[in-house]
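Notes for the structure review
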Amino acid sequence: MLSPSRVPALRFIASCKLPTPWGEFTMHGFEEASGQEHVALTLGVVDDGAPVLVRLHSECLTGDALFSLRCDCGFQLEAALDAIAEEGRGALLYLRQEGRGIGLINKIRAYKLQDGGADTVEANEQLGFPADMRDFGIARDMLSELGIHQVRVMTNNPRKLETLNRVGIAVTEHVPLKVGRNSHNDHYLNTKAAKLGHLF
Ligand SMILES: Nc1nc2c(ncn2[C@@H]2O[C@H](COP(=O)(O)OP(=O)(O)OP(=O)(O)O)[C@@H](O)[C@H]2O)c(=O)[nH]1
Ligand SMILES: [Zn+2]
């Protein structure tokens, strides 16, 4: 249950079935006051109080849908769905935070700067953005609405774990998600470890 004393950052809209190669998920739609939309996919019973295997996945159109090798996102998305399907229970929050929050067109601008030699953090900064604009706090309202209060989180990003604990979602386990390293994203992943604190 959401605390009555605070206004949720986003609102639950509707749920439907979503059959996939990994099984039949339920897809839940949410909307922020700004109009930004997010979805969660759940498999099995997730509101029984036991810790739930969860992935907070930030939108990456290029990696998730267009098979880009510049990052590890598509591989992580598949690995997370594999793990949830194997347990028969879990949740994937698909957060519409494209380009670490700067949006798709700005991510293309950032990629162009990286084509010219900047690293992923320098490119954001040259465009006038912080290295990472994402607020993972929005996951609290999605998880609360789904009846999930304890999570086992698949990520390499310690900021996701810290944020969930800070907003009152108990992280009972950190599950690393190290997949998809290749010659195109090797430098990018090393920069994330060195400058953004990712655990590899
Ligand atoms: N601005 C910018 N965004 C990027 C770049 N490469 C990937 N992204 C975005 O970064 C987000 C994914 O972040 P990652 O740092 O790969 O991973 P994470 O979500 O922090 O951590 P994990 O849970 O371990 O995946 C997605 O929104 C991508 O669109 C880049 O070079 N520049
Ligand atoms: Zn990506």
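What you are looking at is a predicted structure, and each value in this text was computed from that prediction instead of being measured.

What counts and how
Residues numbered from 1 in each chain as written. Chains lettered and ligands numbered in written order. Predicted model: local features only at pLDDT ≥ 70, side-chain atom pairs only at ≥ 80, totals over all residues. Heavy atoms only, no water. UniProt positions renumbered as here; feature names shortened; annotations may be inferred. 1 Å grid on protein atoms, 1.4 Å probe; cavity = no way out; pocket = protein on both sides within 12 Å on 5 of 7 lines; lining within 4 Å. Helix = DSSP H or I, 4+ residues; strand = E, 2+ residues; numbered from the N terminus. Contact = heavy atoms within 4.5 Å. Near = heavy atom within 4 Å. Polar contact = N/O pair within 3.5 Å; in protein donor to acceptor, adjacent residues only side chain to side chain. Sits in = over half its atoms within 2 Å of the grid points. Nonpolar A, V, L, I, M, F, W, Y, C, P; charged D, E, K, R; others polar. Domains from an automatic or database assignment. Buried area = accessible area lost by both parts, 1.4 Å probe. Salt bridge = Lys/Arg side-chain N within 4 Å of Asp/Glu carboxyl O. Pairing = 2+ DSSP bridges. Axes fitted to C-alpha atoms, helices over the stretch in contact; angles between N-to-C directions. Buried < 20%, exposed > 50% of the residue type's maximum accessible area, 1.4 Å probe, protein only.

1. Section: the UniProt feature "active site" (unreviewed entry) in the protein chain
Feature annotation in UniProt places "active site" (unreviewed entry) on Asp132 and Arg134, given in this structure's numbering. Of the residues annotated just before, the largest cavity has Arg134 among its lining. The residue Asp132 is located in the loop between helix H4 (120-126) and helix H5 (138-145) in this model. Setting aside residues no more than four positions away along its own chain, Asp132 makes contact with Arg100, Asn124 and Arg159.

2. A short note on the site of ligand 1
Around ligand 1, a shell composed of 25 residues is seen, among which Arg55, Glu59, Thr155, Lys160 and Lys192 lie nearest. With respect to ligand 1, the side chain of Gln76 contributes an N or O atom lying 2.8 Å from an oxygen atom. Separating an oxygen atom of ligand 1 from a backbone N or O atom of Gln97 is a distance of 3.0 Å. With respect to the detected pockets, ligand 1 is housed in the largest cavity. When contributions to the shell around ligand 1 are tallied by element, the ones reaching two or more residues are strand S4 (52-58), helix H2 (73-87), helix H3 (104-115), H4 and helix H7 (186-195). Tallying contributions element by element places H3 first for the shell around ligand 1, with three residues. Looking at side-chain class alone, the shell around ligand 1 contains five nonpolar, 11 polar and nine charged residues. When we break the shell around ligand 1 down by domain, the ones giving at least three residues each are domain 1 (8-96 + 135-194) and domain 2 (102-132).

3. Re the domain arrangement of the protein chain
Per the domain assignment, the segments making up the protein chain are domain 1 (8-96 + 135-194) and domain 2 (102-132). Placing the centre of domain 1 and that of domain 2 at their C-alpha centroids yields a distance of 24 Å. Taken together, the contacts link nine residues of domain 1 with nine residues of domain 2. For the domain 1 and domain 2 pair, buried surface summed over both sides reaches about 750 Å², with 54% attributable to carbon and sulfur atoms. Looking only at domain 1, the three residues that lose the most surface to domain 2 are Thr62, Arg70 and Thr191, adding up to 55% of its buried area. Applying the counting criterion to the domain 1 and domain 2 interface returns two salt bridges. Put simply, Arg70 and Asp115 hold a salt bridge, and the shortest N to O gap is 3.0 Å.

4. Focus on the UniProt feature "domain: GTP cyclohydrolase II" (unreviewed entry) in the protein chain
The feature "domain: GTP cyclohydrolase II" (unreviewed entry), as given by UniProt, occupies residues 14-176 in the numbering adopted here. Helix makes up 34% of residues 14-176 and strand 29%, whereas the separation of the span's terminal C-alpha atoms amounts to 31 Å.

5. What about the sheet that holds strand S1 (residues 10-20)?
Strand order in the open sheet formed by seven strands is S1-S2-S3-S5-S4-S6-S7, and the pairing between neighbours is mixed. Because the sheet does not close on itself, it has two edges, and the strands there are S1 and strand S7 (170-175). Geometrically, the sheet is characterised by an average inter-axis angle of 25 degrees between neighbouring strands, direction not taken into account. The pairing of strand S3 (residues 37-43) with strand S5 (residues 90-95) spans five bridges and is classified as antiparallel. When the bridges of S5 are listed, Thr42 appears paired with Ala91. Sheet strands touched by H5: S1, strand S2 (23-32), S3, S4, S5 and strand S6 (150-154). Its angle to S5, the strand with the most contacts, is close to 140 degrees.

6. Topic: the side chain of Thr191
Along the chain, Thr191 turns up in helix H7. Every residue in contact with Thr191, bar those within four places of it in the chain, is listed here: Asp119, Thr120, Val121 and Leu196.

7. Some thoughts on unusual backbone geometry
Residues other than glycine predominantly adopt negative phi, and peptide bonds predominantly adopt the trans conformation. In this structure, Phe67 is a non-glycine residue whose phi angle is positive, near 65 degrees. Taking the relative accessible area as the measure of exposure, Phe67 reaches 72% and is therefore exposed. With a phi close to 50 degrees, Arg100 is a non-glycine residue in the positive phi region. Summarising the element assignment, Arg100 is placed in the loop between S5 and H3. A relative accessible area of 11% places Arg100 in the buried class.

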